[in-house]
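# Overview (structure and organization)
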Amino acid sequence: MVSTKDVVDHHLKCFGEHDLKGILSDYAPGAVLFTPDGPLRGADAIRPLFQAMIAEFGKPGAMFSMKQQFVEGDYAYILWTAETADNVYEVGTDTFVVRDGKIVTQSFTGKITPKG
C-alpha cells in the first residue's frame, strides 16, 4: 500500500520535473482542489492550474524551498516559499487528504506578489 508520504513525495517530484501527467495521476477521480478562486473538481478542472504553474516554474531562475512537511495518517501539510520570473511566493501552503494511494482533497493558498 502506498503511504500518504509516498503520494505527496511523488506529487512534489513530478512538479519539480514539470511532469503534468505524473501530477494528475496522483489525484483520485472526483478529487477536489480548493484554491483561493474556488474549488476545482476532477483532473480536467485541475489540469489548467498545473499547466500554468509548470509554465511559470519552468522559466529560468525559478526557485522553490520546502520549509515544513508533516504527515499524519491520511493527511499531509506542506509549507513552502518560491520565486519565479513572474512572482514572489512569500508563503505557500498545501494540505492533502490521501486515501487508497490517491489525493482525494487538497487545499492551496499563498501570499503571491507579482514582480514588476
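For the structure, see preceding data.
These lines cover the structure that appears in this document, whether it is placed above or below. A quick note: this is a predicted structure, and the numbers were derived from the prediction, not measured.

Bringing helix α1 (residues 4–16) into the picture now. The terminal C-alpha atoms of α1 lie 18 Å apart, and with 13 residues this matches the ideal 18 Å at 1.5 Å per residue to within 8%. Within the sequence span of α1, burial applies to T4, V7, V8, H11, C14 and F15. Mapping the buried residues of α1 onto a view down its axis gives an arc of 125 degrees, with all of them on the same face.

Let us now look at unusual backbone geometry. Phi angles above zero are rare outside glycine, and H18 is one such case at about 60 degrees. Classification of H18 by relative accessible area gives partly exposed; the value is 35%. One non-glycine residue with positive phi stands out, namely D100, at about 55 degrees. Secondary-structure assignment places D100 in the loop between β5 (87–99) and β6 (102–114). Given a relative accessible area of 74%, D100 falls into the exposed group.

Side chains of a nonpolar character, in soluble globular proteins, are inclined to be buried together. Ranked by internal contacts, the top residues of the largest apolar core, which has 23 residues, are I23, Y27, F50 and F96. By residue number, the principal contributor to this core is helix α3 (residues 43–57), which donates 5 residues. Every residue in contact with I23, bar those within four places of it in the chain, is listed here: H11, C14, F15, F50 and I54.

Pairs can form between side chains of opposite charge whenever their charged atoms are close. The final tally for this structure, using the stated rule, is 7 salt bridges. Between K115 and E83 there is a salt bridge, with the nearest N and O atoms lying 2.7 Å from each other. A residue pair is termed long-range when its members are at least 10 positions apart, and K115 in the segment after β6 and E83 in strand β4 (residues 75–83) qualify at 32 residues. The shortest N-O distance in the salt bridge between K111 and E90 comes to 3.5 Å. Of this pair, K111 sits in strand β6 while E90 sits in strand β5, and the two are 21 residues apart along the sequence. Look at K111 and you get partly exposed, because its relative accessible area is 47%.

Let us now look at the pairing of β5. In terms of strand pairing, β4 meets β5 through 8 bridges, oriented antiparallel. Bridging from a neighbouring strand, A82 pairs with Y89 of β5. Counting the residues in the hairpin turn of β4 and β5 gives 3 residues. Judged from the 12 bridges that link them, β5 and β6 form a sheet pairing that is antiparallel. Pairing of V88 across the sheet is with T113, part of β6.

Quick notes on the rules
Residues numbered from 1 in each chain as written. Predicted model: local features only at pLDDT ≥ 70, side-chain atom pairs only at ≥ 80, totals over all residues. Heavy atoms only, no water. Helix = DSSP H or I, 4+ residues; strand = E, 2+ residues; numbered from the N terminus. Expected span 1.5 Å × (residues − 1). Buried < 20%, exposed > 50% of the residue type's maximum accessible area, 1.4 Å probe, protein only. Arc of directions from axis to C-beta. Core = buried A, V, L, I, M, F, W, Y, C linked by side-chain atoms within 4.5 Å. Contact = heavy atoms within 4.5 Å. Salt bridge = Lys/Arg side-chain N within 4 Å of Asp/Glu carboxyl O. Pairing = 2+ DSSP bridges.

The quantities given are spatial measurements derived from coordinates; they are silent on function.
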